[in-house]
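# Working through the structure, step by step
Residue-level listing of the chains:
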Amino acid sequence: MSNVAEHLKDILIKFRWIVIGIVIYFYGILLKNEIFSNASKDGLMINSWDVSLYLLNDIYIIVYFIVPIVLFISATIVLSDFNYMTLIRLGTTKKWVFRSLRRFWSKTSILLLILVFMSFYLTIGVPFSWDWSQYSKSNISHDTLGEIGLVFTAPFVAFLFQLGLLVLAISILHIFLSLFYVTIKKRNIFLIMCAILFLGSVVGFKLFPEEYAFLSPTTYFTLKNFIDSFNYPLIGLVVLIGLFIIFYLYILLLDINKRHYFQSIKSYLPHGIYLILCLTGIVSISISADPSKDTILDVLVLSFQGSNSESFSYFSFFYYSIVFFGLTYLINLDISREIEQIGYYKIIRYRNLEKWFWSWFRKFLLKVIFFLLLLGMFSIIIGAIVGLKTNFDVTVLYVDWYTILYHFIINGFLQITFYILSVFIISWGKREASYGLILISIFMVLMLPGINQQGVIPVGLNSLVNLLEHSPYRITLVLLIANIMIYLLIKYLFTKSFKN
Amino acid sequence: MISRQFLIEFKRSFTHKNLLKWLGIILLLPLISFLPVSTGYLYFQPVDVFQETVGFIIPMLFPVLVVFIYLPSFLQEQKNHFITYTRTRVPLNYYILVKGLMNALLTGFIILSMMFFTFIFVTFIEPNFIQIVDYSPPLPGDHEVNVTFSQFLEYGTWTYVLVYSLWVTLNAIVYSTISFLLMIILKKSFVAISVPFLFYHVFNFVSGVFGIAQFSPLSTVFPFNIEQQELWTVFVPLGILLLCISILYLIVIRNKEDWMI
């Protein structure tokens, strides 16, 4: 009984391939007639390569016929083959991906063979030659093969490249799908992904403009589109091979226990995002700088100009907020941990609130200095990379370079210290770090134009634009007084909480 | 049961401290915001003053404001393990649901009242009783206020103020709901509370870097710093936020065991 069923299945499978062959054949006949009529209209000779390359490069048969079948084969193999029994037998997910690729090709190769066979079968009765025909050389209006005739010397080479491209693209498609399934392990999302790929390839060759053609999967299935889309076909190849390498690296990472790495990365995530944001600002400013006039110190000035009551621009205001209030926020995160979670145990250990305070506050101060030096160095290095003048002149402000550096580092340090101390007071008083956010918002308000006119409110004073109106030493004085006052307040609060 | 719980929550949220805070937001904040812009600008009509007042200090405080209207009380309940003991009285998901609705309702109501009070103040109270603002006579020619949403001005000032206030209210509700949902699933409540704040300011900066300021949170909620944009642009950041809310909602209802209560 099972033998009969097996036999029937075999016949059916074969029957399926025959049907596919017939469909390709009839579609090919249509194409062949089209080429014949076009060629005879212009009185041009054709040869067999025109017919076979035309069939292989026809976008409609690829998108509406080959791609769906390939997706179907790929999806059935991935879905039926991924189970724990197989995984246990194979040992690693990596091996499973390769196995599924092998199984995929054992089926898809038949499809490709049929396609190639049909492309040759249709050439019966067409004169054969190893060279390009008149028709493809003339390359006039019909846009049958596009620029293929110009890029490749012989049609046979083009044929090989077409085949190679198709194999590479389909392999990448399957590897992508199998990796996608291995990663999410959800059947429905996987099927939706298949549908998206199909729709993407249908939409891709119709809607995407030339510049974005590399986003469409269809570009990589036919040589004609491939050559049309990229100015240098090599770039397209680099894209494909790059994808291949990325997928391969991902395959290598598949079996590693990611949770461990993820945990260790997670703790650096806030600082990482913060540094990326800081760098983004510096890079965007140095790109917009004028290489013939601006120097590397100008990048520093323009980046950290901030704002004061007289001169205000949203970009520099937001960048100031990101850099300095962002740092305050990050330190606030640590303070919240210090106060809410481990504070009481540590206070018992240090026996003295002030000792406890300095035990972690010292580290923050070092962090701030390190960070300011880092930012300064970054802005100078990026400025040099972009190709700005490497001397110590400052063209955007009429101030010496040492004043700039003094202001940036000393006043910056004092200013951030003030922010941290005030955030600490709020967090300590409320025993809840979230209220630090209100304070940061109020600081931001105080930096808006027209509010801090005398420069006596110790907020945003390290903006480099302040050098236009105030001497840096006056600003240092203001910040020092503010810091001392707020430190005395903290001391007072500490003694008060001892009495309670 | 839900409606009863809702009533209880409603009564409980009206503490003296909260009332004082809310009155401060509704009455005091517009006044503080009004003072710096009251002189030194060229105004033709009260709606100009309204826009300048709303667009000055409030945008900087907005992401923190909406989060601190109601959520601190929820934070206290979390920290003091209060919610665990309400379970004898009411199912946990009802309790959380009511809290979420209450947060949305109160945040929305207070922001809306703040906007309306600002408008009523600059239109009725200030010209009649205080008179600091110096209105210039209308210029010859057609004077237009060119900011996003002033498209509605042609249907009348009240329509504009209503539509714009509802828009700010909607954003306030969305921002604070994101925080609320995060507070349920995140261990660090400080991070949960600061997410709207971070989103708002980081994306203001990022959109500035990439030159798409018309999609920045600041310029869509308080569109007074850039020229008039098409109305659809304001829905781009809101759409992103709504997507975030939907994803967060799914995460929240799927991980009932891991709720931070």
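Residues numbered from 1 in each chain as written. Chains lettered and ligands numbered in written order. Predicted model: local features only at pLDDT ≥ 70, side-chain atom pairs only at ≥ 80, totals over all residues. Heavy atoms only, no water.

### Focus on helix α12 (residues 258-288) of chain A
At Tyr268 of chain A, α12 of chain A shows its largest kink, close to 50 degrees, and the proline Pro270 of chain A lies no more than four residues downstream. If you check which residues of α12 of chain A are buried, you get Tyr274, Leu277, Cys278, Gly281, Ile282, Ser284, Ile285 and Ser286 of chain A. (Bend = angle between axes of the 7 residues up to and from the residue. Helix = DSSP H or I, 4+ residues; strand = E, 2+ residues; numbered from the N terminus. Buried < 20%, exposed > 50% of the residue type's maximum accessible area, 1.4 Å probe, protein only.)

### Regarding empty space enclosed by the protein
Across all of its chains, the model carries three cavities of 30 Å³ or more by this definition. By volume, the largest cavity amounts to about 100 Å³. Its residues assigned to classes, the lining of the largest cavity shows five nonpolar, nine polar and one charged. (1 Å grid on protein atoms, 1.4 Å probe; cavity = no way out; pocket = protein on both sides within 12 Å on 5 of 7 lines; lining within 4 Å. Points joined across faces, edges and corners; volume = space filled by probe spheres on them. Nonpolar A, V, L, I, M, F, W, Y, C, P; charged D, E, K, R; others polar.)

### Description of the nonpolar core
With 151 residues, the main nonpolar core has Phe304, Trp356, Phe357 and Phe424 of chain A together with Phe50 and Tyr164 of chain B as its most contacted residues. Residue contributions to this core peak at 15 residues, all from helix α14 (residues 314-341) of chain A. When sequence neighbours within four positions are dropped, the list of residues in contact with Phe357 of chain A reads Leu421, Phe424, Tyr487, Ile490 and Phe494 of chain A. By size, the runner-up hydrophobic cluster in this structure holds 74 residues, among which are Phe65, Ile114, Ile170 and Phe230 of chain A. (Core = buried A, V, L, I, M, F, W, Y, C linked by side-chain atoms within 4.5 Å. Contact = heavy atoms within 4.5 Å.)

### Points about the packing of aromatic side chains
Following the criterion strictly, the structure yields 76 aromatic pairs over all chains and no others. Taking the centre distance of 5.9 Å and the plane angle of 35 degrees together, the rings of Phe176 of chain A and Phe247 of chain A count as tilted. You can see Phe176 of chain A sitting in helix α8 (residues 155-184) and its partner Phe247 of chain A sitting in helix α11 (residues 233-254), a full 71 residues away along the chain. On the basis of relative accessibility, which here comes to 24%, the residue Phe176 of chain A falls in the partly exposed class. Measuring from ring centre to ring centre gives 6.1 Å for Phe62 of chain B and Tyr200 of chain B, while their planes differ by 45 degrees; the resulting arrangement is tilted. (Phe/Tyr/Trp six-rings, centres within 6.5 Å; stacked < 30°, edge-to-face > 60°.)

### Section: a nonpolar patch on the surface
Residues and elements named next belong to chain A. Among the surface-exposed residues, Phe98, Tyr232, Leu234, Ile235, Leu237, Val239, Ile241, Leu243, Ile245, Tyr248, Leu249 and Leu252 lie close enough to one another that they form a single nonpolar patch of about 1100 Å² accessible area. Counting residues per element, the nonpolar patch draws most heavily on α11, which supplies ten residues. Judged by its relative accessible area of 48%, Leu249 is partly exposed. (Patch = residues over 30% accessible without salt bridge, like charges linked within 9 Å, V, L, I, M, F, W, Y side chains within 5 Å. Areas by Shrake-Rupley, 256 points an atom, 1.4 Å probe, with all protein chains shown as cover. Salt bridge = Lys/Arg side-chain N within 4 Å of Asp/Glu carboxyl O.)

### With respect to the interface of chain A and chain B
The accessible area lost on association of the parts is a frequent measure of interface size. Counting residues at the interface gives 30 residues for chain A and 24 residues for chain B. Among the residues chain A hides against chain B, the three largest losses belong to Phe318, Tyr329 and Leu437 of chain A. Together they make up 22% of the total. Applying the counting criterion to the chain A and chain B interface returns zero salt bridges. At the junction of chain A with chain B, the criterion picks out one residue pair in polar contact (both at pLDDT 80 or more). Among the elements of the structure, α12, α14 and α18 (435-446) of chain A are those that each provide at least two residues to the side of chain A that touches chain B. Sorting elements by how many residues they give to the side of chain A that touches chain B places α14 of chain A first, with eleven residues. When the residues that make up the side of chain A that touches chain B are grouped by side-chain class, the tally is 20 nonpolar, seven polar and three charged. (Buried area = accessible area lost by both parts, 1.4 Å probe. Polar contact = N/O pair within 3.5 Å; in protein donor to acceptor, adjacent residues only side chain to side chain.)

### As for the domain arrangement of chain A
Domain boundaries in chain A define domain 1 (2-256) and domain 2 (264-499). Here the C-alpha centre of domain 2 of chain A lies 56 Å away from the C-alpha centre of domain 1 of chain A. (Domains from an automatic or database assignment.)

### Digging into the layout of surface pockets
Considered as a void within the structure, the largest pocket measures approximately 1900 Å³ in volume. Forming the boundary of the largest pocket are 45 residues, of which Pro270, Tyr329 and Leu333 of chain A together with Lys188 and Val191 of chain B lie nearest the centre. Elements supplying a minimum of two residues to the lining of the largest pocket: α12, α14 and α18 of chain A together with α5 (71-79), α8 (157-185) and α9 (189-209) of chain B. Counting residues per element, the lining of the largest pocket draws most heavily on α14 of chain A, at twelve residues. Broken down by class, the residue content of the lining of the largest pocket amounts to 27 nonpolar, eleven polar and seven charged. Approximately 900 Å³ is the volume found for the second largest pocket. Lining the second largest pocket are 29 residues; nearest its centre among them are Tyr435 and Ile438 of chain A together with Lys21, Ile25 and Phe68 of chain B. Among the elements of the structure, α18 of chain A together with α1 (2-13), α2 (16-37), α4 (58-68) and α5 of chain B are those that each provide at least two residues to the lining of the second largest pocket. Per-element accounting of the lining of the second largest pocket gives the leading share, eight residues, to α2 of chain B.

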